[in-house]
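Inside the fold
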Amino acid sequence: MGMDVELRHLRAFASVARHRSFSRAAEELLITQPALSRTIAQLEGNLSVRLLDRSSRHVELTDTGAEFLVHVERVLSTLDQALAVARHRVTLRLGFSWLLPDPWTQRTVSRFEESTGATVALTRTDDPLQALRQRSLDIAVVRGDVDAPRGARILHLFDEPRIAVCSEHCDLTRLDHLDWTDVQYWPLVVNTVSGTTGPWSWPADQRPAQIIETANYDEWLETVATGRGIGIVPEVARRRTQHPAVRFVALTNAPTIPVSLVHLPDARRTLIRRFLDAAVQTTSA
C-alpha cells in the first residue's frame, strides 16, 4: 500500500499539519481546498490510518499523524537539500557573438539564477547559430536578421539603435552626426560573420562603394582603429568599447537592430522556458 504514496501526498499533509488549516494550506500549495481534501483522503486511504482530526474547529493531528509528520518533514527536508544541490549543478549555456545587451543581460541572468538555482554559462562564439546547430549551446542571443536552424524558435526581445565608429584621425570626427544615407560615401568595414551592418543593409543604389571585410569583432575593431574605414554597430558599443584610437559619431535615420533569443524546442525545455520567462519579464520591466 505504501507504494501508492506520492510526493504530492506528503507535501499536502505537511502543509496542512503546519498550518492546522486546509484553507491556508491550499493557498500555500496553489490548489483548491476540495483538491487538497481529496489528496489527504487518498493518503489516509493508502496508509489505512487516520492522520488528521477534523472534528474540532481547527485541524489537529492524531497521535499517529504527529509521529508520521516527524518522518515526513525529515524526508522532505532531505529531498529539498538534494534538489538544491542538483539545481546548482545545472547549467544553461547562453551563447553570443560579441557585446551582450546591458543592463538586460545582467538582470535576466540574475532573475533566472535566483528563481531556479541553476547557473548561466556565458559562451562567446563568432557564430552562435552554428553552435546552436551543433548543440554546444542551449540558447543564443542574436542580433539582426536570424538565419535560424530548422525548427528553431525565435523570441524577439527589443530593438537597438545604431551608431557610427571611426578612427580618431578620421575626418568623420569633425561632424556631429552622420546620416544613414551618407554612409555610402565612406569606406565601410564589415564583420562578415557576426556583424549586423553590411552592404545588404542598403538598397543597391545606396550601398557603400568600398567594403573592407573582417571575420570577427576584434578584427573589425582594429581595422576601424587603423583608419581603413568606418563601422556601424549597435549603440551599446559606445558604452562598452574601450579603445583609445576610435571615436563614436551619432547616426541619424538608421534602422534599428532587432535582438532575439533563439533555441531549439527539443532541448532542455523546462530550463529554457524559465530563462525565456525571465528574459520577457526583464524586457517588460
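About the thresholds
- Residues numbered from 1 in each chain as written.
- Predicted model: local features only at pLDDT ≥ 70, side-chain atom pairs only at ≥ 80, totals over all residues.
- Heavy atoms only, no water.
- Helix = DSSP H or I, 4+ residues; strand = E, 2+ residues; numbered from the N terminus.
- Rg over C-alpha atoms; globule rule 2.2 N^0.38 Å.
- Buried < 20%, exposed > 50% of the residue type's maximum accessible area, 1.4 Å probe, protein only.
- Contact = heavy atoms within 4.5 Å.
- Areas by Shrake-Rupley, 256 points an atom, 1.4 Å probe, with all protein chains shown as cover.
- Phe/Tyr/Trp six-rings, centres within 6.5 Å; stacked < 30°, edge-to-face > 60°.
- 1 Å grid on protein atoms, 1.4 Å probe; cavity = no way out; pocket = protein on both sides within 12 Å on 5 of 7 lines; lining within 4 Å.
- Points joined across faces, edges and corners; volume = space filled by probe spheres on them.
- Nonpolar A, V, L, I, M, F, W, Y, C, P; charged D, E, K, R; others polar.

Considerations on the overall build of the chain
Counting secondary structure elements, the chain contains nine helices and 13 strands. For a compact globule of 285 residues, the expected C-alpha radius of gyration is about 19 Å, and the chain comes in at 29 Å, more than 25% above that figure. If one aligns the C-alpha atoms of the chain with their principal axes, the spans along those axes are about 90 × 35 × 35 Å. Residue burial in the chain is summarised as follows: out of 285 residues, 45% are buried. Here the contacts in the chain between residues at least 6 apart in sequence split such that 70% fall between residues at least 24 apart. Counting only carbon and sulfur atoms, one obtains 50% of the accessible surface of the chain, whose full area is about 15500 Å².

Overview of the packing of aromatic side chains
In total, this model carries six aromatic pairs according to the counting rule given. Linked through ring pairs, Trp98, Tyr217 and Trp220 together constitute an aromatic cluster.

Thoughts on empty space enclosed by the protein
In this approach the atoms are scanned with a rolling probe the size of a water molecule, which exposes any empty space left behind. Tallying each qualifying case throughout the model produces two cavities of 30 Å³ or more. Counted as a void, the largest cavity has a volume near 110 Å³. The wall of the largest cavity is formed by 13 residues, among which Asn191, Gly195, Thr196, Ile232 and Val233 lie closest to the centre. Elements represented by at least two residues in the lining of the largest cavity include exactly strand 9 (188–191), helix 7 (217–225) and strand 11 (231–234). Its residues placed into classes, the lining of the largest cavity shows eight nonpolar, five polar and no charged. What the second largest cavity holds in volume is close to 40 Å³. If you trace the second largest cavity, you find it lined by Phe96, Ser97, Trp98, Leu99, Leu100, Val141, Val142 and Arg143. Examining the composition of the lining of the second largest cavity, we find that three residues originate from one element, strand 5 (residues 139–143), more than from any other. Considering only residue class, the lining of the second largest cavity consists of six nonpolar, one polar and one charged.

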